[in-house]
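So you can see what is in the structure, the chains are spelled out below.
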Amino acid sequence: MRVAMLGPYSSNLERVSGGPEAVVVQLVDGLRRAGVEVHVVTFDFAGEIDADTTVEQDEVTVHRLRLRRLPRWTGIRVNARLLAKTLRAISPDIAHAHSAGTFADGALASGLPAIITIHGVIEQEAATERRSGITWREEMSWRYETWYERHCLRRARDVIAISPYVADIYRDLTSARMHLVENPVATPYFDLPNLAETATILCAARVIHRKNTLGLLRAFALVKRDLPEARLRLAGETTSEPGYASQCRQFVEQNGLAEAVDFLGWLDEAALREEYSRCRALALLSWQETAPVAIEQAMAAGKPVIASNVGGVRFLVEDGVTGYVTAPDDTAQQAARLRSVLAESELNRAMGQAGRAAARQRFHPDVVTAQTINVYQKAISDQRKSL
């Protein structure tokens, strides 16, 4: 089988941005190990190349295309056509696009059997941003992204949902067959040693409004009153919303938390795995989530998760078993749950073990790769029958 994978893909696989890119990287590696011929088709989003390139990278053929930077609608059409042309030259058995945008448009326009994996619920993310206040230009951008997503989904025949939450939302927006395949987590996370340091909380997320970093800091301030040794490690970039990041830093200073809160910035894979190994729990108190890779990584690492009950979180964290789900705006409840998993060693151990066991069954790359290949085979078979 020859597969073309369309999505973000770093030229340095130890420097992965997370989210969809982390999923693409793990799927590509899983397919390669399963004996599948894999071609990655991606764009040079960083602007590092002057011409389209094709290279062999870790036994995978990577087609890195120069992103044509043109006015929005013109640019999208040009880049989608470029993807379709590249796919036809590769002639894969299946084209697998990640996110229902330009990558999906290119896959569908190629005329090849195509599958789209939906990673985020654009309408829900837009609603979250509107609550914090957005400009007219940002509003128009969100509306366009919503339209473009639905434009692609109306043409799709097979869609992968990474959570039942995604399937429930999109089932009425497309006539495509819906397949549930959860995100894969890199194998090393399942074998991380537990080097937990006393009362250390990790948040592996960008410092932005949607991730509610400020809400986590408020809850942590309450935890710190009862557990003076508590520490919070924020592993995520602070450049997407610098104004919001500044508010978070200001809160830390004003509340005397400077010695207890670390802004680590974006971390490479090795450094991030070390943070998971050394924390006692992961906290993710976002206003909106789909199926956060950070939660799945924490479960694989055997760490309890405290997360807000939004989006698809309830399908990942079993409340009271692998961690706790909390109301996104209940600071007192969040603080109480954090104190429990930090202070109660037996509870922490039991939740961590339950999370790792569930992760092995659901998120191990071998499990997810096998499920994905099964979807490919169904899509290819149906396409042949229709010819």
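None of the values given here were measured: they were computed from a predicted structure.

Enquirer: Which residues make up the overall build of the protein, and what are the values?
Expert: Assigned secondary structure in the protein consists of 13 helices and 14 strands. Compactness check: the protein gives a C-alpha radius of gyration of 21 Å against a globular reference of 21 Å for 387 residues, within 12% of the reference. The dimensions of the protein, computed from C-alpha atoms along their principal axes, are 65 × 45 × 40 Å. The burial tally for the protein puts 55% of its 387 residues in the buried class. Put simply, 66% of the contacts in the protein that link residues at least 6 apart link residues at least 24 apart.

Enquirer: An account of the sheet that holds strand 4 (residues 60-66) is requested, with residue identities and associated values reported.
Expert: What the eight strands build is an open sheet, ordered 3-4-2-1-5-6-7-8; its pairing is mixed. If you trace the sheet from one side to the other, it starts and ends with strand 3 (53-57) and strand 8 (177-180), each paired once. For this sheet the average axis-to-axis angle between neighbouring strands, irrespective of direction, equals 25°. For strand 1 (residues 2-6) and strand 5 (residues 94-98), the ladder comprises four bridges, and the chain directions are parallel. By the bridge assignment, V3 is partnered in strand 5 with I94.

Enquirer: Could you give me a rundown of helix 4 (residues 122-132), with the residues and numbers involved?
Expert: Among the residues making up helix 4, those that are buried are I122, E125, A126, T128 and E129. Taken down its axis, helix 4 places every buried residue within 160° of arc, on the same side. Against helix 5 (136-153) and helix 6 (164-170) lie the buried residues of helix 4. Residue G133 follows helix 4 closely and has a positive phi angle near 95°.

Enquirer: Give me the side chain of D44: which residues, what numbers.
Expert: As for its position among the elements, D44 is in strand 2 (residues 37-44). The side chain of D44 sits in the buried core without any salt bridge; R64 is the nearest counter-charge, 6.0 Å away. Here the side chain of D44 touches E48 through a polar contact of 2.5 Å, landing on its backbone nitrogen. Those residues in contact with D44 that sit more than four places away from it in its chain are I49, R64, L65, L67 and R69.

Enquirer: Could you give an account of the nonpolar core, naming the residues involved and the relevant values?
Expert: Judged by nonpolar contacts, the single largest core of 101 residues is most densely connected at L6, L217, Y276, L282 and I295. Considering every element that reaches this core, the biggest residue donor is helix 7 (residues 213-226), with seven residues. Dropping the residues within four chain positions of it, L282 is found in contact with L202, C203, A204, Y276, A294, I295, A298, P304, V305 and I306.

Enquirer: Tell me about the pattern of salt bridges, and name the residues and values.
Expert: One pass over the full model with this rule turns up 23 salt bridges. A salt bridge links E139 to R143; its shortest N-O distance comes to 2.8 Å. In this pair, E139 and R143 are both assigned in helix 5, four residues apart and thus about one turn of the helix distant. With relative accessibility at 15%, the residue E139 sits in the buried group.

Enquirer: For unusual backbone geometry, give the residues involved together with the corresponding values.
Expert: Of note, the phi angle at D58 is positive, near 55°, even though the residue is not glycine. Since its relative accessible area comes to 52%, D58 is described here as exposed. With a phi angle near 55°, S91 is a residue other than glycine that sits in the positive phi range. When you line up the elements, S91 lands in the loop between helix 2 (72-90) and strand 5. We classify S91 as partly exposed; its relative accessible area is 44%.

Enquirer: Let's hear about the state of the cysteines: which residues, and what values?
Expert: For the structure shown, the criterion picks out zero disulfides. C203 takes part in no disulfide bond, and the closest cysteine sulfur, belonging to C248, lies 9.8 Å away. The class of C248 is buried, set by a relative accessible area of 0%.

Enquirer: Provide a residue-level description of the packing of helix 7 against helix 8 (residues 242-254), including the pertinent values.
Expert: Relative orientation of the contacting elements helix 7 and helix 8 amounts to 10°, with a least axis distance of 9 Å. In terms of axis orientation, helix 7 runs roughly parallel to helix 8. Taken together, the residues of helix 8 that come into contact with helix 7 (itself represented by T213, L214, L217, R218 and A221) are Y244, Q247, C248, F251 and V252.

Definitions and cut-offs
Residues numbered from 1 in each chain as written. Predicted model: local features only at pLDDT ≥ 70, side-chain atom pairs only at ≥ 80, totals over all residues. Heavy atoms only, no water. Helix = DSSP H or I, 4+ residues; strand = E, 2+ residues; numbered from the N terminus. Rg over C-alpha atoms; globule rule 2.2 N^0.38 Å. Buried < 20%, exposed > 50% of the residue type's maximum accessible area, 1.4 Å probe, protein only. Contact = heavy atoms within 4.5 Å. Pairing = 2+ DSSP bridges. Axes fitted to C-alpha atoms, helices over the stretch in contact; angles between N-to-C directions. Arc of directions from axis to C-beta. Lys, Arg positive; Asp, Glu negative; His and termini not counted. Salt bridge = Lys/Arg side-chain N within 4 Å of Asp/Glu carboxyl O. Polar contact = N/O pair within 3.5 Å; in protein donor to acceptor, adjacent residues only side chain to side chain. Core = buried A, V, L, I, M, F, W, Y, C linked by side-chain atoms within 4.5 Å. Disulfide = S-S within 2.5 Å. Parallel < 35°, antiparallel > 145°, perpendicular 65-115°, else oblique.

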